Amino acid sequence: MAKCNALRNSAAAFVLGVSAFSALAASSTGLPEISEATTRQSFDTVVQSLEKSIIDNKMGLVAQASASKAAASRGVKIPGNIVLMVFRNDFAVRMLQASVAAGFEAPLRIYVTENADSTTSVSYRMPSVVFSPYRNAELDALAKELDPIFARIIEDVLKAR
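All values derive from a computational prediction rather than experimental measurement.

Calculation criteria
Residues numbered from 1 in each chain as written. Predicted model: local features only at pLDDT ≥ 70, side-chain atom pairs only at ≥ 80, totals over all residues. Heavy atoms only, no water. Buried < 20%, exposed > 50% of the residue type's maximum accessible area, 1.4 Å probe, protein only. Helix = DSSP H or I, 4+ residues; strand = E, 2+ residues; numbered from the N terminus. Pairing = 2+ DSSP bridges. Axes fitted to C-alpha atoms, helices over the stretch in contact; angles between N-to-C directions. Parallel < 35°, antiparallel > 145°, perpendicular 65-115°, else oblique. Left-handed = near helix turned anticlockwise from the far one by under 90°. Contact = heavy atoms within 4.5 Å. Nonpolar A, V, L, I, M, F, W, Y, C, P; charged D, E, K, R; others polar.

Draft legend 1. Geometry of the pairing of strand E4 (residues 81-87). Of all seven residues that make up E4, six are buried, and the element is covered over most of its length. Here five bridges tie strand E3 (residues 60-65) to E4, and the two strands are oriented antiparallel to one another. Each bridged residue has a counterpart across the sheet, and for Gly-60 the counterpart in E4 is Phe-87.

Draft legend 2. The arrangement of the packing of helix H2 (residues 43-56) against helix H6 (residues 137-159) in detail. Relative orientation of the contacting elements H2 and H6 amounts to 135°, with a least axis distance of 9 Å. With respect to H6, the axis of H2 lies oblique. Between H2 and H6 lies a crossing of right-handed hand. Contacts between H2 and H6 involve Val-46, Ser-49, Leu-50, Ser-53 and Ile-54 from the former and Arg-152, Ile-153, Ile-154, Asp-156 and Val-157 from the latter. Split by residue class, the contact of H2 with H6 holds six nonpolar, two polar and two charged.

None of this, on its own, says anything about what the molecule does.
What follows is the structure, given as structure tokens:
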């Protein structure tokens, strides 16, 4: 639980303000840029809106993981958090044709956290950031297609206030 709290506290430290949207530069920990938006919408509303936006933008919700749901099943209450894992098979096939090693990056993730001030933060790495270390022109082209899709997924949620 300490690791979970540390991770959540690290994510909360990046909060930029209500409806702020920004690419955060690599920190001293070496983490690649993280894009984050914060909204006054409730955690549950944001998660539901993201699930709908993922479908509306013709992507697939491949899986999800939530420490807060797992904790609740044990009777422990922690602030809401969930990782939504998003991809689509045609993109996966192209990614693997370009680089089998890049398969490690799929599915791409969106992290949602419930903040102490009743706001909700949505964080993700742009696909172009995720795939850039592979230095592969085909992956770069794929990421250029995925970047605006992920931006729309997030924007759909923020404008749904």
